[in-house]
Amino acid sequence: MNVRDPFNLHRSPALSILRVTATRAAANVTQKVVEAGTQAFETGKQAVEDMSTFSVPKNVPSFTNPQRELENRVWGASGVTARSAASHSNGGVMSGMQDRVGGFFEKNRGDLPMYKDKPYSYAASRRNRSMFKRKRTFGIFGLVVIALLYFFGFFGDDAEKSVKAKDGWRWLQRPEKSGSKIDWLDRRERVKEAFTLSWDAYDRYAWGYDEFHPVSKKGRQMTPKGMGWIIVDALDTMMLMNLTSRLTHAREWLSTKLNYEQDQEVNTFETTIRMLGGLLSAHYLSTEFPDMAPLTDDDEGAAGEDLYLEKAKDLADRLMGAFESPSGIPYASVNLKTLQGIVSHDDGGASSTAEAATLQLELKYLTKLTGETFYWEKAEKVIKVIDDNGMEDGLLPIYIYAHDGHFRGDNIRLGSRGDSYYEYLIKQYLQTSKEEPIYEELWDEALAGVRKHLITYSTPSQFTVLAERPDGLHNGMSPKMDHLVCFMPGTIALGATGGLSEKEARKLPTWNKRKDEEMELARELTKTCWGMYKVMATGLAPEIAHFHIDTPPLPASAPHKSPSTFDDPENTEWQKDFIIKPADNHNLQRPETVESLFYMWRITGDEVYREWGWEMFKAFLKHTAVEDGGGFTSLSNANMLPPQTKDNMESFWLAETLKYFYLLFSPNDLIPLDKVVINTEAHIFPRFKLGKLFKTGWKRKPRGPDGKILPDPPAKVEPKVEASTEVKKVEEAKTNSGH
């Protein structure tokens, strides 16, 4: 397989592939003719190579020949690709081309800097060529491109082009070569290409807008001036993928267009995890890992050094208005200009429990960066107010009132409105380097409650189900799992090992039987989540799955054994366990399952999680790709072929889903799990120690053996003395003194 074609599309009909490329090139012909021509030329070259009826043109260079290693050194020594402060470029035609081919050829990234995603720069000796020679070179090049386009029928019927474009993804239906060693870095490059396709479509059709509709190729703002919803959310993904020129464009927009001074109500939670989290993560990666998509304008001492942090602090100060409630529980929304907290417009005015309790990682890290402790104090008070309710076995209803800090209703679940409260318990413990054991205690209590009240098994195949209790812990169980619940197996494994590999963690004196059981639960739940993909026609999970279970439901302690594989054509009985309702069969490009696959791979080392991730990634490419360079879209129905598109690209497709695919296929030393915590939007923060400045500012109320809060001891009451007795004592004292 030639890595010049990152999705291996050349194995499909060559006409389709070149037409897709040519269509994208035509859209930008006035701006990037050289970039488009280069891509068309190279794609055409690969199509020709793979078609036995054609011969390879003699003037096409080989990028697989060992001689290329020597060529690399020549390029590196020639000065053509020199990158310095003086030669730094902020984009342009060649810079755009760089992004497309960056990193595909080099064995050692230091060999051929031209192919990294960096702004391109010419050496002086090359710039001084005569105009005649440059025009002649580009003229010959252009003729070759046009000839190839004509040869492959680019100028044919438009309707046929539309049909053939879809066929370009059919290579994904074919298995990879058996017996060959899997090249995970090559698979990672395909994830990077999927990101660039999505990002470039957004750049082309909806730049600066908060929403992108890839089918209709339109954008829409969520606020009058825009929040940078997609741009900010994707900053750290571009850094990880070394997409320098695209990051440069994004930073330019941040510095010139992003302004939070807007008379607009925004959701406190979503704005915190996506925007504040995205800015803080970008600050962390750009300062601690300067070789990731390096830019000169964020170097130490440069004017833009603190751009991300300055924007983050400005936003956080505006969000603080949401915490000005009588109880300290944040309001569901806040006005960015007036700083006024706003109660929820739904749910009886109650805030979501998950939304109120999923702000802590971001605000604590901001305190670490700025030294301003009120962010920390506001964040941790929320957890104290929640815990003071004394809910049974650490499991909470999904709504809480901001005015008094009490829960609304009895609905308990780890899906929507409940999920990330539990996630942030263990992550707060890890964020401060295990120096706040109160959060580990809360996590352990909640996880034990999950096993006691919410775990059961499906029938007939006995998949492990993390169910709901809509009417409280002592009423009926609903065998329903939101896709959102699929964050849980990875988080359980993270809690059991602290981010170390399972092999390393088992050597520690703290390892015990309970951690063994937690790892087994993590494995079982990951399999259930993967089953939600395998049961669907597209191979992409529904938003919600229901399950057949026994009556009464089996307890967590019941013997059980689920199928070892989903791929046996002789055994499809397992599919009967799943119930996919028509209202739930949409797919929103959610990241939770690939998130858990990432954690499970890093922690267990079992390659099956990588294989499942690769199969999932291929399903996304096959069924959500948009024609004519539109990127990828969510689906309104993922259980039919062809699927119905929803015409929306979620920001977390770039911020989370593709990031987790990229990390899943990366070496384990890229973002080591024992050094960082990752927020619920996949933004990366460092672990740190409390030191002298920080501390846990609250304590839990005393509990009895049943876990319930003990009543406050009665206050001591001094015995009352009768007034007449006091008067008598005074008179006696006067008599004795002689008065």
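Predicted model, so just to flag it, every value in this text is computed and none were measured.

### Regarding the pattern of salt bridges
Scanning the model with the defined rule gives 34 salt bridges in all. Note that Glu211 is salt-bridged to Arg220, the shortest N-O span being 2.7 Å. Its relative accessible area of 18% is what places Glu211 among the buried residues. Accessibility expressed as a relative area gives 45% for Arg220, which makes it partly exposed.

### Some remarks on the state of the cysteines
A full pass over the atoms with the stated rule returns 1 disulfide. Covalently, Cys486 is tied to Cys529 through a disulfide, its sulfur atoms 2.1 Å apart. Taking the sign of the torsion about the S-S bond as the criterion, the disulfide between Cys486 and Cys529, at about -100°, is left-handed. Here the residue Cys486 occupies a position in the loop between β10 (480-482) and α19 (488-497), and Cys529 occupies one in helix α21 (residues 513-534), the gap between them amounting to 43 residues.

### Side note on the confidence of the model for the protein chain
When the pLDDT values of the protein chain are averaged, the result is 82; 73% of them are 70 or greater. Taken as a whole, residues 1-134 scores under 50 in pLDDT and shows 213 contacts with residues more than four places along the chain or in a different chain.

### Comments concerning the nonpolar core
Counting 167 residues, the largest nonpolar core has Leu235, Leu254 and Leu466 as its most contacted members. In this view, Leu466 contacts Leu414, Val450, Leu454, Ile455, Lys480, Met481, Val485, Met488 and Leu525; residues no more than four positions away in its chain are not counted.

### Overview of the packing of aromatic side chains
Scanning the model with the defined rule gives 31 aromatic pairs in all. Centroid distance Phe598 to Tyr599: 5.4 Å. Interplanar angle 55°. Geometry classified as tilted. Overall, Phe598 belongs to the buried group, its relative accessible area being 0%. A network of ring pairs unites the aromatic residues Trp184, Trp614, Phe617, Phe620, Phe632, Trp653, Phe661 and Phe665 as a single cluster. Its end group placed over the ring of Trp184, Arg187 keeps NZ or CZ at 4.6 Å from the ring centre.

### A word on the environment of Glu380
With respect to the helices, strands and loops of the structure, Glu380 is situated in helix α16 (residues 374-387). Of the residues examined, Glu380 reaches a relative accessible area of 6% and is grouped as buried. Along the backbone, Glu380 and Thr696 are 316 residues apart, and their C-alpha atoms lie at a distance of 7.9 Å.

### Some details on helix α24 (residues 651-664)
Compared with the 20 Å implied by 1.5 Å per residue over 14 residues, the 20 Å span of α24 between its first and last C-alpha is a close match. Of all the bends in α24, the greatest, near 30°, is centred on Leu658. Of all the 14 residues making up α24, 14 are buried; the element is thus mostly covered by neighbouring parts of the structure.

### Section: the packing of helix α12 (residues 268-288) against helix α15 (residues 360-370)
A pair of packed helices is characterised by two quantities: the angle between their axes and the separation of those axes. Packing of α12 against α15 brings their axes to within 10 Å, and their N-to-C directions diverge by 35°. Relative to α15, the crossing made by α12 is left-handed. Taken together, the residues of α15 that come into contact with α12 (itself represented by Thr272, Ile273, Leu276, Gly277, Leu280, His283 and Tyr284) are Glu362, Leu363, Tyr365, Leu366 and Leu369. Here the residues of the contact of α12 with α15 are counted per class, giving 8 nonpolar, 3 polar and 1 charged.

### Regarding the sheet that holds strand β4 (residues 333-335)
As summarised here, the arrangement of the 3 strands in space is β3-β4-β5, forming an open sheet in which the pairing is antiparallel. For this open sheet the edge positions go to β3 (265-267) and β5 (341-342), each flanked by a neighbour on one side alone.

### Here we look at the side chain of Asn587
Structurally, Asn587 is set in the loop between β12 (578-579) and α22 (592-604). One polar contact links the side chain of Asn587 to the main-chain carbonyl oxygen of Ala541, over a distance of 2.8 Å. When near neighbours in sequence (up to four residues on either side) are disregarded, Asn587 contacts Leu540, Ala541, Phe620, Ser634, Leu635 and Ala638.

Conventions used here
Residues numbered from 1 in each chain as written. Predicted model: local features only at pLDDT ≥ 70, side-chain atom pairs only at ≥ 80, totals over all residues. Heavy atoms only, no water. Salt bridge = Lys/Arg side-chain N within 4 Å of Asp/Glu carboxyl O. Buried < 20%, exposed > 50% of the residue type's maximum accessible area, 1.4 Å probe, protein only. Disulfide = S-S within 2.5 Å. Helix = DSSP H or I, 4+ residues; strand = E, 2+ residues; numbered from the N terminus. pLDDT = per-residue confidence, 0-100. Contact = heavy atoms within 4.5 Å. Core = buried A, V, L, I, M, F, W, Y, C linked by side-chain atoms within 4.5 Å. Phe/Tyr/Trp six-rings, centres within 6.5 Å; stacked < 30°, edge-to-face > 60°. Lys NZ or Arg CZ within 6 Å of the ring centre and 35° of its normal. Expected span 1.5 Å × (residues − 1). Bend = angle between axes of the 7 residues up to and from the residue. Axes fitted to C-alpha atoms, helices over the stretch in contact; angles between N-to-C directions. Left-handed = near helix turned anticlockwise from the far one by under 90°. Nonpolar A, V, L, I, M, F, W, Y, C, P; charged D, E, K, R; others polar. Pairing = 2+ DSSP bridges. Polar contact = N/O pair within 3.5 Å; in protein donor to acceptor, adjacent residues only side chain to side chain.

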